[in-house]
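Chain by chain, the residues:
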Amino acid sequence: MNAQHVWNGGGRRIYIQEVGPRDGLQMEKVFVSTADKIAMVNALSAAGMAKVEVTAFVSPTAIPALADAQEVLRGIERPSGTVMTCLVPNVKGAERAMAAGADELNLVMSVSETHNLCNLRMLRTQSFAALQEVIAVAQRGGVAINVSLSCSFGCPMEGDVPADEVLAWVQSFVDAGVQGITLCDTTGMAHPTQVHALVTAFKARWPGTTLTLHFHDTRAMALPNALAAIAAGADRFDASVGGLGGCPYAPGASGNACTEELVHALQLMGYDTGVDLTALTRVAASLPALIGHDIPSAIVKAGPVQQLHPRPASFEQVRTRAQERMQAQQQQG
């Protein structure tokens, strides 16, 4: 798609993939009840999400907020058209997720050696070897695999990550039979020129591989980066309802791209997201009561542009006086 045409979507389909129930809630200090998690996922899928990252099958000691992964995944509704994916770190997690009915397994490693060591306590080659075992288990079970590559647009400790290095890791996973790849802007370091170039290179080399972009709004760049990706041919984006999530290497900064902000912008530009913005915003507005604090969502705070406000109670009086002044001026003239 030519970059100059990105401003007019023309009904082009863009797939929105919700990560709030996992990537957002895992950051929260308050434990959201299993019933509330299930209700949240059900409401998000009913709003029209193409995919929902339901939970993570990780150690409850590591992420206590998601200790009820199995109960949540088994308890949700399964509407047609919505893929229910789960993050899994290893074979044990994969087996548990598959037993609970995951449609897809999401695996994670970083293309930055430093970040991978800090985040996963492994060298990249060690992570790749471990994930190959998970891929084999999923393939035997007939479950789809997506691999999320953290720090694809920069590392907060190393700085720039060469695009060739990112693409080399993509090739390794494609060769292993992975059907989907997510390029993650883990700490909000991406910029539109960089995004456009990397997406263009990816689409040229692997047109048959499903590409997702995962942007963070740490530096208020999520939307311009999404538009740059769309201009380069991307059509799938992760986002988090209410803007849930954080950025561990930028304390106090916002984290994930906000789903309702992204949907609101794309729909105004003429893209078909398949999402009911009103229903989605209701989910976002319910979050402060669940997590005990405010959320960064501008749509919850201000409403969509279509939401008009009543005139002030004094409006008719003000208009009458204005008309009287105008008449008096006309008479004097």
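Look up: the structure comes first, before these words.
A quick note: this is a predicted structure, and the numbers were derived from the prediction, not measured.

Trainee: Got a minute to help me understand the sheet that holds strand E6 (residues 180–184) in this structure?
Mentor: The pairing of strands in a sheet comes from backbone hydrogen bonds and takes either a parallel or an antiparallel form. Taken together, the 8 strands give a closed barrel; going around it, the order is E1-E2-E3-E4-E5-E6-E7-E8, and neighbouring strands pair in parallel fashion. Taking the axes of each pair of neighbouring strands and ignoring which way they run, one obtains an average angle of 25° across the sheet. With 2 bridges joining them, strand E1 (residues 15–18) and strand E2 (residues 51–56) adopt parallel strand pairing. Note that in E2 the partner of Gln17 across the bridge is Lys51.

Trainee: When you look at the packing of aromatic side chains in this model, what are you seeing that I'm missing?
Mentor: Geometry of an aromatic ring pair is reported as the spacing of the ring centres plus the angle between the planes. All told, the structure shown has 5 aromatic pairs when counted by the stated rule. An aromatic cluster is defined as three or more aromatic residues linked by ring pairs; in this entry it consists of Phe128, Trp169 and Phe173. One residue, Lys37, lies across the ring of Phe31, its end atom 3.9 Å from the ring centre.

Trainee: Any chance you could explain the pattern of salt bridges here in plain terms?
Mentor: Pairs may arise between side chains of opposite charge once their charged atoms sit close together. Taken as a whole, this structure holds 10 salt bridges when the rule is applied. Its salt-bridge partner being Lys51, residue Glu104 comes within 3.0 Å of it at the nearest N-O pair. Placement of Glu104 in strand E4 (residues 104–110) and of Lys51 in strand E2 is noted, with a sequence separation of 53 residues between them. Taking the relative accessible area as the measure of exposure, Lys51 reaches 11% and is therefore buried. Between Glu113 and Arg124 there is a salt bridge, with the nearest N and O atoms lying 3.6 Å from each other.

Parameters and conventions
Residues numbered from 1 in each chain as written. Predicted model: local features only at pLDDT ≥ 70, side-chain atom pairs only at ≥ 80, totals over all residues. Heavy atoms only, no water. Pairing = 2+ DSSP bridges. Helix = DSSP H or I, 4+ residues; strand = E, 2+ residues; numbered from the N terminus. Axes fitted to C-alpha atoms, helices over the stretch in contact; angles between N-to-C directions. Phe/Tyr/Trp six-rings, centres within 6.5 Å; stacked < 30°, edge-to-face > 60°. Lys NZ or Arg CZ within 6 Å of the ring centre and 35° of its normal. Salt bridge = Lys/Arg side-chain N within 4 Å of Asp/Glu carboxyl O. Buried < 20%, exposed > 50% of the residue type's maximum accessible area, 1.4 Å probe, protein only.

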